[in-house]
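So you can see what is in the structure, the chains are spelled out below.
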Amino acid sequence: MKVKKEHIRNFSIIAHIDHGKSTLADRLLELTETVAKRDMQQQILDNMDIEKERGITIKARAVTLHYKASDGKDYELNLIDTPGHVDFNYEVSRSLAACEGAVLIVDATQGVEAQTLANTYLALDHDLELVPVVNKIDLPAADPDRVCADVEEIIGLDCSIAPRVSAKTGENVAEVLEKIVEYIPCPEGDDDAPFKALVFDSVYDNYKGVIVYVRVMDGVLRPGDTMKMMATGAQFTVVEVGRMGATSLESTSELKAGEVGYITASIKSVVDARVGDTVTKADEPADEPLPGYKKVNPMVFCGIYPADGADYESLREALEKLQLNDAALSFEPETSGALGFGFRCGFLGLLHLEIIQERLEREYDLDLVSTVPSVVYKIHLSDGTVVDIDNPTNYPDPAIIDFVEEPIADAHIYSPSEYVGTIMDLCQDRRGIFKNMDYISGDRVDIHYILPLNEIIYDFFDALKSRTRGYASFDYELKGYERSNLVKLDVLLNGDIIDALSYIIHSEKAYPRARKIAEKLKDNIPRQMFEIPVQIAIGGKVIARETIKAMRKDVLAKCYGGDITRKKKLLEKQKEGKKRMRQFGTVEVPQEAFMAILKLDGQD
Amino acid sequence: MDRTDKTGLYFHIPFCRGKCPYCDFYSLNAKSCPDEYVFSLLDEMKTFKRMSELVGKDSKIAVDTIYFGGGTPSLLSPTQLDIIMDSVRESFNVCEEPEITVECNPSSPNLEEFLLSASKSGVNRISLGMQSSSDKERRKLGRQGNAKKVEDAVYYARMAGIENISLDVMVGVPESSLSSLRETLDFCLSLSVPHISAYMLKIEEGTFYYKNADKLTLPSEDEVCDMYLFMSHYLKENGFLHYEISNFCKEGFHSRHNMKYWEGAPYLGFGPAAHSFYNNKRFYFPRDIDAFIRGEKAIYDGEGGDTEEEILLHLRTYKGISLENKSSSFINKAKLFEKNGFAEITGNNFVLTSKGFLVSNTIISELLSVY
């Protein structure tokens, strides 16, 4: 029988990026003395350096707060943090599914933004009770009345209960805890029913194996039980269960219905305990899993190669380690004539890609070269078969292609109305199809566009930010596939195709892009002993060409006074430089040339 | 030009009356060379002699070339030069018909007397730091005096009985052009000197030129290449041999001392920043005159004389290298260079052309990468 767990509240905090989610979470931890002041590092929930630097939460984390409310009762508040970026929408949705309510933070100086809305809709999809909170009231530009009116008008949420706080100074933050207790419903569950728990996060730990974060719906789980993952079928003996303190895990004897906690069971990889899966017991399984599980599929792919071929094994080990903790990261070995041995890696989106690259370089000290990111194209061949292509190198001969489909995204851009013109220019330039535009409040608009995914994965967000001085925000989701007129651009140096630089592009954009690539290569490849023709071709047809003139002289160091050392050092330097060069037939291309092509901005 | 295993001696005289704006050699501002420094050179020679006696060499080291470089060796007083030469004969076995070179600044004071007494001390070759015959270019290069000074210096040398004269020419200097280089070369030819050293200007870090690079009007890279190729062609036409990347001579007038550097023969350098190659070991004194005067030891710089070094050094000369016993990829690269006019292959002999000299760094590192 389902009973109410009166003393528990399970909630998330949702907000647009930079509206103060992590800071508020910190204050709540402090206030409930979950973290002693002296242990308080800024933004405890964001464990990774990159998270702290970018001010975003990449992985969800959870923590249990103990709070004595003004009604005199003790409550257990489980805060489930959510990632704050569209690339991680699925993880957000699983975190929300573990809650009964959410605190919606709105910045008193900014108002409703793209992710405020996107996250609100997600929360409403999960029938969550929302507690609005107006943050940053300490700032001079704060206008809480206007922001409340905004929220009521756009979201239709009653803001009369909304605490007006400053997470930074701590002002009024206690009010948030009171509202959580008051407005967010307690969980219900049946302790006697078969065990059923939702995995909303899983993290690999060197000592314990995978730590599975769950919200228990029904039943009880104890150490020694045999647990079973309903989607993957994998079974494990439970080693430990417990609750999450802010700085450490606290083991307990059991996990019961309504509770949020963790399970360890010597699980080797997060792939065996994917977010969204349902945990049950092997000997007394639940009838059916919780709804909503899906295996997330990478949307963006690129080749990642070690700059020094000798680092191939280290790169593989690093990717394996990252994958232990990131079920959405995929990789498989790939060989490029240009770049040697490396990996084709799949990511949820561009941010995910950047984070992985940065972690590989920073945490594993690897020097990397990566290829242009690509989406997955569906190529319909003349013989009726359909192939998925995520690597331009594998693009079939145009002669045997019937037609090609590319992924299309449904995109919403939220911006002050003064930037509408420039945003539309950008979207039109990116082959966008305008759907509609809503004024969401006096001077803010929601511009709805259909955009090809390959136009937004690379630099769209940067371009948007620079055109709107950072004021616009952006949200998208994959809509499906549409037929499109695409071609593959090949780069030829001295007549040889450089596979790593091949590029799939809409035919209308092929010519200007080809010219730009040719120019960039000419500027970035140093003169060599022989003249090098640079050609950009579609199929066999060259559509742009440049020539890198032959080098006539290199540094003629004197061998004065028998100083051979100097001469030798110069040659050593030349050798070092050579190492950073990629050899293509007779042509040497420095890494910088690759970077220049990859960073080809649509605007310059 | 047969290779000799006799040793060459180099003395660095690191003093100048002013620093030239392009120069990054080790030198200090001074009107003359202090005696203290001369004594430390003598001490170092004695130390070397003692050391070689200790390792059981009973006879003195045979020496057939001596070279005074700088800095400005013509700042030595006649007495100082004489003392050094006496000490050389004391510590080393100076062979018959040695080549003894002194670098001179054409505008050093009392050059006439200096050359007369130098000649008496045994000096039989001088190298004059002319750089250019154009007064405009010379001023830009910080060289005192006009081209007439160079004429005078050549005259004084000949009066002193020194016929083996080399002129330094610098290619690609500010405000220069193909035609001004031709004038400088014509000037050299008119003086009938048997040797010309021609270095390309390289803007070295730490020099005045480096700091003021944006204010220099330099010929373009293409122009400099054209100048170099023209020079090689023009001097060859006038009876010179382009015997090393930066050196031209009339038959029999190559710098015997410098050839030691390129042919792997032993040499000993005395003075701060002077380099040595002896017993297959390379060593040098640091760029610190005080350390040298204190008698601090030379710094060991590793083994030398291996095949890699041989390729690197020999390819600087007109003798080139032998393709015998080289790998097939080495030979293939060599042939590719020949095909493109960077080198000539005669039988088994691989020699760089003037066009090849210009890109010798790349050619050498390419060849070494497949060696």
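Use the structure listed above.
The structure presented is a predicted model; accordingly, all values stated were derived computationally and were not measured.

Considerations on the sheet that holds strand S21 (residues 368–370) of chain A
Residue and element names in this part refer to chain A. Spatial ordering of the open sheet is given by S19-S20-S18-S21, a layout of four strands whose pairing is antiparallel. Each edge of the open sheet carries a strand with a single partner, namely strand S19 (330–336) and S21. Averaged over all pairs of adjacent strands, the angle between their axes in this sheet comes to 35°, without regard to strand direction. Pairing analysis gives seven bridges linking S19 to strand S20 (residues 340–347), with the strands arranged antiparallel. When the sheet's bridge partners are listed, Thr 335 is paired in S20 with Phe 341. Helix-sheet contacts for helix H8 (residues 350–363) involve strand S18 (300–306), S20 and S21, and the interaxial angle to S18 is about 15°.

Focus on helix H1 (residues 35–54) of chain B
For H1 of chain B, with 20 residues, the first-to-last C-alpha span of 29 Å sits near the 28 Å given by 1.5 Å per residue. Residues of H1 of chain B that are buried: Tyr 37, Val 38, Ser 40, Leu 41, Leu 42, Glu 44, Met 45, Phe 48 and Ser 52 of chain B.

A word on the interface of chain B and chain A
On the side of chain A, 28 residues touch chain B, which itself brings 46 residues to the contact. Here chain B and chain A share an interface that buries about 3,500 Å² over both sides, 57% of which is from carbon and sulfur atoms. Counting the surface chain B buries against chain A, the share from its top three residues, Phe 25, His 275 and Asn 361 of chain B, is 16%. Our count for the chain B to chain A interface comes out at two salt bridges. For Arg 552 of chain A, the salt bridge is made with Asp 222 of chain B, and the minimal N-O distance between the two is 3.5 Å. There are six residue pairs in polar contact (both at pLDDT 80 or more) connecting chain B and chain A. In terms of residue count, helix H14 (residues 360–369) of chain B provides more of the side of chain B that touches chain A than any other element does, nine residues in total. For the side of chain B that touches chain A, the per-class residue count stands at 23 nonpolar, nine polar and 14 charged.

Quick look at the nonpolar core
Residue and element names in this part refer to chain B. Membership of the largest hydrophobic core comes to 106 residues, with the highest contact counts inside it found for Phe 11, Phe 68, Ile 84, Phe 92 and Phe 350. With eight residues, the top contributor of residues to this core is helix H8 (residues 221–237). Excluding anything up to four places from it in sequence, Phe 68 contacts Phe 11, Ile 13, Pro 73, Leu 76, Leu 81, Ile 84, Met 85, Ile 100, Thr 101, Val 102 and Glu 103.

Here we look at the pairing of strand S4 (residues 62–70) of chain B
Residue and element names in this part refer to chain B. Among the nine residues that make up S4, eight are buried, leaving the element largely enclosed by the rest of the structure. Examined bridge by bridge, strand S1 (residues 7–13) and S4 share seven bridges and lie parallel to one another. Counterpart to Leu 9 in the pairing with S4 is Ile 66. Summarising the sheet, S4 and strand S5 (residues 93–104) pair through six bridges and their orientation is parallel. By the bridge assignment for S5, Ile 66 is matched with Ile 100. As a crossover connection, the stretch from S4 through helix H2 (residues 78–91) into S5 is right-handed.

Rules and cut-offs
- Residues numbered from 1 in each chain as written.
- Chains lettered and ligands numbered in written order.
- Predicted model: local features only at pLDDT ≥ 70, side-chain atom pairs only at ≥ 80, totals over all residues.
- Heavy atoms only, no water.
- Pairing = 2+ DSSP bridges.
- Helix = DSSP H or I, 4+ residues; strand = E, 2+ residues; numbered from the N terminus.
- Axes fitted to C-alpha atoms, helices over the stretch in contact; angles between N-to-C directions.
- Contact = heavy atoms within 4.5 Å.
- Expected span 1.5 Å × (residues − 1).
- Buried < 20%, exposed > 50% of the residue type's maximum accessible area, 1.4 Å probe, protein only.
- Buried area = accessible area lost by both parts, 1.4 Å probe.
- Salt bridge = Lys/Arg side-chain N within 4 Å of Asp/Glu carboxyl O.
- Polar contact = N/O pair within 3.5 Å; in protein donor to acceptor, adjacent residues only side chain to side chain.
- Nonpolar A, V, L, I, M, F, W, Y, C, P; charged D, E, K, R; others polar.
- Core = buried A, V, L, I, M, F, W, Y, C linked by side-chain atoms within 4.5 Å.
- Right-handed = clockwise from strand over helix to strand, strands pointing away.

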